[in-house]
Amino acid sequence: MKKLLFSLIIYFLPVCTLFAYTEKNLLQRKTSEERLKELLVLHQQWVAYPDYTDRQGWDALFGEFKDVYIRRGEKALEYRWQVIQAMDYIEYERSGSRKIMENPYNENAQTLTDLFLAELAEGKGRFIEPLANGVFYFCEMTSWALSAHVRLQHDNRTLPNHGEHVIALASGEVGAELSWIHYFFRDELDKINPVISQRVRDEVEKRILKTYLETDHFWWMAMNYKPGDMVNNWNPWCNFSVLQCFMLLENDTDRLAKAVYKTIRSVDHFINYSKADGACEEGPSYWGHAAGKLYDYLQLLCDVTGGQLSLFEDPLIRRLGEYISRSYVGNGWVVNFADATARLEPDADLIYRYGKAVNSTEMMAFSAFLRKNEQAPQAPNNRRDVYRTFETLRFHHALSTVTLPYSAPATTWYPETQFCYMRTRGGLFFAGKGGHNNESHNHNDVGTFSLYIDETPVLIDAGVGTYTRQTFGDERYTIWTMQSLFHNLPEINGTQQAFGAKYKAEQMKFTPANRTLSLELKQAYPQETSIHSWNRTYRLRDKQLEINDRFSLKSPEKRNKLHFLTWARVDRSIEGQIDMEVQGKKARLSYDRNIFTSSVETITLTDPRLSNVWGKELYRITLEAKELSLSGHYRIVISRE
């Protein structure tokens, strides 16, 4: 039983999740398997890119980046392909480290891409033989899945089983890239030895095509979906890879229609799971893998049906896209609930293409804003995802012509996901959330908030450290970044929030007229907390945030605490106020000294995924009530100075 629970938690498959799953089935309502037999464009006639021998076409596509790709390929000419050993996979089980296996894997994958794009850019055959070595290397691998994802095998172990194939994030992308290599270079590889291109075809066939058609058990497919199951970014991501493989390698109409329709049924579950408000509960850094991959899938589906199957006119698809422009705070900072990172360079090219497809002026203006603030144009480099690289190159010039002005709305409210963003003319940005504690990439953080001054975070969400086995295992909530104690939340009667969909916000209400967000936190804490009610209200004024907690407890046994997390330098030398300063921005947290005593804990950051964002230390401010109380009212004011 424990092993089963462990595997469920790994892949975020909750037993019960609260969300607005609606049987929209937008794609299935537009087509059928039989109809697809008429719509699908066969024999790769849908491909919008030049043939390998079309030098003028590739020169135009690569444009100013042509030499960049050639230089990358030149660096890869003498690359020694790294063998991933059995114990590298097993290390994930032993220590929880993913890097032992993933580092050489990713270097091999990047080299394959560099050689592939360099040959397309130059077209002289100089990179064909090294590319053949890379192709042969990947064909010789037992599995293309990462050690953390090999556990999709029935034995739940991390050493690849040669008799069972796993379609996961990386394995799907490698299958798609090898399919593109086969499409462009089959003739060139045949000049070396026809076995190479045939081997590619055979390996993609058994690992991706046959496996996809003959199995329904991968959780991300949602083919055995039950109410309460989670469908996250894996779904459009993997289905997008599978769709590429089929459309590049399969030309049997019946088999192709069957496969494409299965991807449609699967992706519909992701769309059904997506809330009508369009928010991504996984956070902005996952938007490119969730809504972004959904866009890629839908664009490819539109292309391979000759433009006859499209969802881009649907308002939901547009709202899913505009979440990224709403969640951008400024100066590289984004709202980072869940496992999302606080610093992000959003993909301007992807946002532009998505915005253009759904006719979102907001997204296209945002993409132009991002491009304008880039130091210099960068050659696209989407490791393993060559389709996104090709599309970025194809629309790169069009983005440079966009002159739309970008401005974010003053307030954004996601009523189903329960996210709230508010901006003031005084330079404050507030982000608060409700939700429940079994969201995708969940932290126990119902009711938390972040506060920014002039686009600089002051009161923060730390985010997540380097992914390990523990991150997605039954030890997840032993990690401090996942606990409500290290979010901007109360510790009530000595108790923190608990994991599970039943631990949720209630009575959440947003009033834009006076910029007020309120919610009941009682249900986010376990029963032993003995809460009768804990209502928290945030009110954002021009230059200050007011927090009011009104509570009543059944049997108070420990003093309540209010926690606040910051990366700012903290000064609490004056009782009743705590001064914070970071990057020239100053804020003051004021509290009633007759009710609270204050303390500050230093959290040393040793994980580079955290320290690269916040520096060497974070600070947890704690206000501890001086008395046990059956009921009361706590008022905190945070103002910019």
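The rules behind these values
- Residues numbered from 1 in each chain as written.
- Predicted model: local features only at pLDDT ≥ 70, side-chain atom pairs only at ≥ 80, totals over all residues.
- Heavy atoms only, no water.
- Helix = DSSP H or I, 4+ residues; strand = E, 2+ residues; numbered from the N terminus.
- Rg over C-alpha atoms; globule rule 2.2 N^0.38 Å.
- Contact = heavy atoms within 4.5 Å.
- Areas by Shrake-Rupley, 256 points an atom, 1.4 Å probe, with all protein chains shown as cover.
- Lys, Arg positive; Asp, Glu negative; His and termini not counted.
- Charge placed at Lys NZ, Arg CZ, Asp CG, Glu CD.
- Pairing = 2+ DSSP bridges.
- Axes fitted to C-alpha atoms, helices over the stretch in contact; angles between N-to-C directions.
- Salt bridge = Lys/Arg side-chain N within 4 Å of Asp/Glu carboxyl O.
- Buried < 20%, exposed > 50% of the residue type's maximum accessible area, 1.4 Å probe, protein only.
- Core = buried A, V, L, I, M, F, W, Y, C linked by side-chain atoms within 4.5 Å.
- Parallel < 35°, antiparallel > 145°, perpendicular 65-115°, else oblique.
- Left-handed = near helix turned anticlockwise from the far one by under 90°.
- Nonpolar A, V, L, I, M, F, W, Y, C, P; charged D, E, K, R; others polar.
- pLDDT = per-residue confidence, 0-100.
- Expected span 1.5 Å × (residues − 1).
- Bend = angle between axes of the 7 residues up to and from the residue.
- Polar contact = N/O pair within 3.5 Å; in protein donor to acceptor, adjacent residues only side chain to side chain.

S.K.: With reference to specific residues and values, describe the overall build of the protein.
M.R.: Looking only at helices and strands, the protein features 17 helices and 21 strands. Expected size for 641 residues packed as a compact globule is a radius of gyration near 26 Å; at 26 Å, the protein falls within 12% of this value. In the protein, 73% of the contacts between residues at least 6 apart in sequence involve partners at least 24 apart. Working note: accessible area of the protein is about 25,200 Å², and carbon and sulfur atoms make up 46% of it. In the protein, 77 side chains carry a positive charge and 81 a negative one; their mean positions are 5 Å apart.

S.K.: An account of the sheet that holds strand β14 (residues 544–553) is requested, with residue identities and associated values reported.
M.R.: Strand pairs in the sheet, formed through backbone hydrogen bonds, run parallel or antiparallel to each other. An order of β11-β12-β13-β14-β21-β18-β17-β16 is seen for the eight strands of this open sheet, with the pairing classed as antiparallel. Looking at strand neighbours, the two that pair on one side only are β11 (506–511) and β16 (569–571), the edges of this open sheet. Taken over all neighbouring pairs, the strand axes of this sheet differ in orientation by 15° on average, direction set aside. With nine bridges joining them, strand β13 (residues 531–540) and β14 adopt antiparallel strand pairing. Bridge pairing links I531 to L553 in β14.

S.K.: Residue-level account of the pattern of salt bridges, with values.
M.R.: Under the counting rule described, the total for this entry stands at 45 salt bridges. For R255, the salt bridge identified is with E205, shortest N-O distance 2.7 Å. On the criterion of sequence distance, the pair formed by R255 in helix α11 (residues 253–273) and E205 in helix α9 (residues 194–214) is long-range, its members being 50 residues apart. For R255, a relative accessible area of 22% puts it in the partly exposed group. For the salt bridge of D216 with K262, the shortest nitrogen-to-oxygen distance reads 2.7 Å. With a gap of 46 residues between them, D216 in the loop between α9 and α10 (234–249) and K262 in helix α11 connect regions that are remote in the sequence. Using a relative accessible area of 6% as the deciding quantity, one classes K262 as buried.

S.K.: Any chance you could break down the nonpolar core for me, citing the residues and the numbers?
M.R.: Counting 201 residues, the largest nonpolar core has F138 and W180 as the members making the most contacts within it. Among the elements that line this core, the one with the most residues is α10, at eleven residues. Once residues within four sequence positions are removed from consideration, F138 is found in contact with W81, Y105, N108, A109, L112, W144, V174, L178 and R207. Counting residues in hydrophobic clusters, the runner-up holds five residues, among them Y286, V464, Y467 and M482.

S.K.: Could you give me a rundown of the packing of helix α12 (residues 291–304) against helix α14 (residues 348–358), with the residues and numbers involved?
M.R.: The geometry of α12 relative to α14 is characterised by a closest axis approach of 10 Å and an angle of 55° between their N-to-C directions. Taken together, the axis directions place α12 and α14 in an arrangement best described as oblique. With respect to the hand of their crossing, α12 and α14 are arranged in left-handed fashion. For the pair α12 and α14, the contacting residues are A291, G292, Y295, D296 and Q299 in the first and L350, R353, Y354 and A357 in the second. Per-class residue counts for the contact of α12 with α14 are five nonpolar, two polar and two charged.

S.K.: Go over the confidence of the model for the protein, please, and point to the residues and values.
M.R.: Averaged over the protein, the pLDDT score is 94; the fraction of residues at 70 or greater is 97%. Counted against residues more than four places away or in other chains, residues 1–18, with its pLDDT under 50, gives 46 contacts.

S.K.: Help me get a handle on the environment of A357, residues and values and all.
M.R.: Tracing the sequence through the fold places A357 in helix α14. For A357, a relative accessible area of 25% puts it in the partly exposed group. Taking the C-alpha atoms as reference, A357 lies 34 Å from N108; in sequence the two are 249 residues apart.

S.K.: Tell me what's going on with helix α16 (residues 386–400), and back it up with residues and numbers.
M.R.: In this model, α16 (15 residues) spans 21 Å end to end at C-alpha, consistent with the 21 Å of a helix rising 1.5 Å per residue. The sharpest bend along α16 reaches about 40° and sits at R394. Turning to α16, its buried residues number three or more, namely V386, Y387, R388, T389, F390, E391, T392, L393, H396 and L399.

S.K.: Just give me the short version of the side chain of E122, but keep the residues and values in it.
M.R.: For E122, the location among the structural elements is in helix α6 (residues 99–122). Reaching out from E122, the side chain makes a polar contact with the side chain of R126 at a distance of 2.7 Å. Those residues in contact with E122 that lie beyond four places of it in its chain are R55, I70 and F127.

S.K.: Account for the packing of helix α3 (residues 55–62) against α6, naming residues and giving values.
M.R.: Two elements in contact, α3 and α6, have axes separated by 8 Å at closest approach and are oriented at 120°. Regarding the angle of α3 to α6, the classification is oblique. Packed against α3, whose contacting residues are R55, W58, D59 and F62, the element α6 presents L117, E119, L120, A121 and E122 at the interface. For the contact of α3 with α6, the residue count by class is five nonpolar, no polar and four charged.

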